[in-house]
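Breakdown of the fold
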Amino acid sequence: MQIPSNPQRSTSLVETFLDIDDAPDLFAGLDADARAEVLAIGAMRRFGRGETVFGQGREHSGVLVILDGEVRSYYLSPLGREITLAYWSRGHFVGGPEIFGRGVHSWSGVATRDSELLFLSGKAIRTLALKQPQFSLNVIEALVFKGKCFSALLQLLGTRSSRALLAHMILILGRSVAAGGADRVTLDVRYSQEELAKMIGATRQWVATSLARMRQAGLIEIADGYITILSARALQAYADLDG
């Protein structure tokens, strides 16, 4: 099994504070033999779009490295509200922050498109960590990054209004496809109001109202489900009004 190169873009609200594409890769710096050992000790798992990869509250037994596809990780509150941590693409691992197969999952993960993942059990990770110093360092760096993600998410949710979070999220989605710092950009993926709501922990009805206000203010257009940012600078100013 070849390890894919050129990771696809990952998306997260925490990109306001850090670049999620800078996340460490568990295969970084490993020679061919070391990579082969990681692949051999793991178990390949395939998930279709919409399938649950791991579930909040379920027994934790290890992590999954994304070799192809995409996984959305999210938290579901006791009242049924969802908040999305990130859309992770290949090169990232999901199922943390626990990695040694103890306790239960704190988040859930669902495949947003057909995906191929490498499952590494807690025992397998311990074995590799003892045998491969570079792999151990990669795991530590990955956990540090996950910690930064959780910290950044808490800071954002605690200091920004829902309006600012929605505007920032649209800007982040636009920056992922904009070329040369373009001020006007159309998102290359259709995001439903429900999906946008889950990204920022809001309700679909609130997102619908907020998008309508942005349209009336001349900040965005929506056609056939695609959002166009008419001016990234103006939308950024709109998001920064409340700091």
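Relevant structure appears above.
Residues numbered from 1 in each chain as written. Predicted model: local features only at pLDDT ≥ 70, side-chain atom pairs only at ≥ 80, totals over all residues. Heavy atoms only, no water.

Here helix α4 (residues 162–175) crosses helix α7 (residues 232–239) at 155°, and the two axes come no closer than 8 Å. On the basis of their axis angle, the class for α4 and α7 is roughly antiparallel. Judged by the twist between their axes, the crossing of α4 over α7 is left-handed. Of α7, the residues touching α4 (which contributes Arg163, Ala164, Ala167, His168, Ile170, Leu171 and Arg175) are Ala232, Leu235, Gln236, Tyr238 and Ala239. Class assignment of the residues belonging to the contact of α4 with α7 gives a composition of 8 nonpolar, 2 polar and 2 charged. (Axes fitted to C-alpha atoms, helices over the stretch in contact; angles between N-to-C directions. Helix = DSSP H or I, 4+ residues; strand = E, 2+ residues; numbered from the N terminus. Parallel < 35°, antiparallel > 145°, perpendicular 65-115°, else oblique. Left-handed = near helix turned anticlockwise from the far one by under 90°. Contact = heavy atoms within 4.5 Å. Nonpolar A, V, L, I, M, F, W, Y, C, P; charged D, E, K, R; others polar.)

This part covers helix α5 (residues 193–200). In an α-helix, one turn spans 3.6 residues; hence positions three or four apart end up facing the same way. Taken together, the buried positions of α5 are Leu196, Ala197, Met199 and Ile200. Burial along α5 is one-sided: seen end-on, the buried residues are contained in an arc of 160°. In the core, the buried residues of α5 are packed alongside β4 (82–89), α3 (133–159), α4, α6 (204–216) and β9 (226–229). At the C-terminal side of α5, Gly201 shows a positive phi close to 75°. (Buried < 20%, exposed > 50% of the residue type's maximum accessible area, 1.4 Å probe, protein only. Arc of directions from axis to C-beta.)

Applying the stated rule across the entire model yields 1 aromatic pair. With 6.2 Å between their ring centres and 70° between their planes, Tyr75 and Trp107 make a pair best called edge-to-face. Of this pair, Tyr75 sits in strand β3 (residues 62–76) while Trp107 sits in the loop between β5 (93–94) and β6 (108–121); the two residues are 32 residues apart in sequence, bridging distant segments of the chain. According to the relative accessible area criterion, Tyr75 is partly exposed, its value standing at 32%. The exposure class assigned to Trp107 is buried, which follows from its relative accessible area of 14%. Over the face of the ring belonging to Phe93 we find Lys146, whose NZ or CZ atom lies 4.7 Å from the ring centre. Stacked on the ring of Tyr238, the Lys or Arg Arg163 has its end atom at 4.7 Å from the ring centre. (Phe/Tyr/Trp six-rings, centres within 6.5 Å; stacked < 30°, edge-to-face > 60°. Lys NZ or Arg CZ within 6 Å of the ring centre and 35° of its normal.)

Attention now moves to the nonpolar core. Ile170, Leu196, Met199, Met214 and Leu235 are the most contacted members of the largest nonpolar core, which totals 28 residues. For this core, the elements supplying multiple residues, two or more each, are α4, α5, α6, β9 and α7. (Core = buried A, V, L, I, M, F, W, Y, C linked by side-chain atoms within 4.5 Å.)

Counted under the stated rule, the structure contains 3 cavities of 30 Å³ or more. Counted as a void, the largest cavity has a volume near 80 Å³. Taken together, Phe54, Ser73, Leu85, Trp88, Phe93, Val94, Gly95, Gly96, Pro97, Trp107, Lys146 and Phe150 make up the full set of residues lining the largest cavity. Elements represented by at least two residues in the lining of the largest cavity include exactly β4, β5 and α3. In terms of residue class, the lining of the largest cavity is built from 8 nonpolar, 3 polar and 1 charged. (1 Å grid on protein atoms, 1.4 Å probe; cavity = no way out; pocket = protein on both sides within 12 Å on 5 of 7 lines; lining within 4 Å. Points joined across faces, edges and corners; volume = space filled by probe spheres on them.)

This part takes up the sheet that holds strand β7 (residues 185–186). Spatially, 3 strands are ordered β7-β9-β8 in an open sheet, and the strand pairing comes out antiparallel. Each edge of the open sheet carries a strand with a single partner, namely β7 and β8 (220–223). (Pairing = 2+ DSSP bridges.)

Everything listed is a geometric property; what it means functionally is a separate question.
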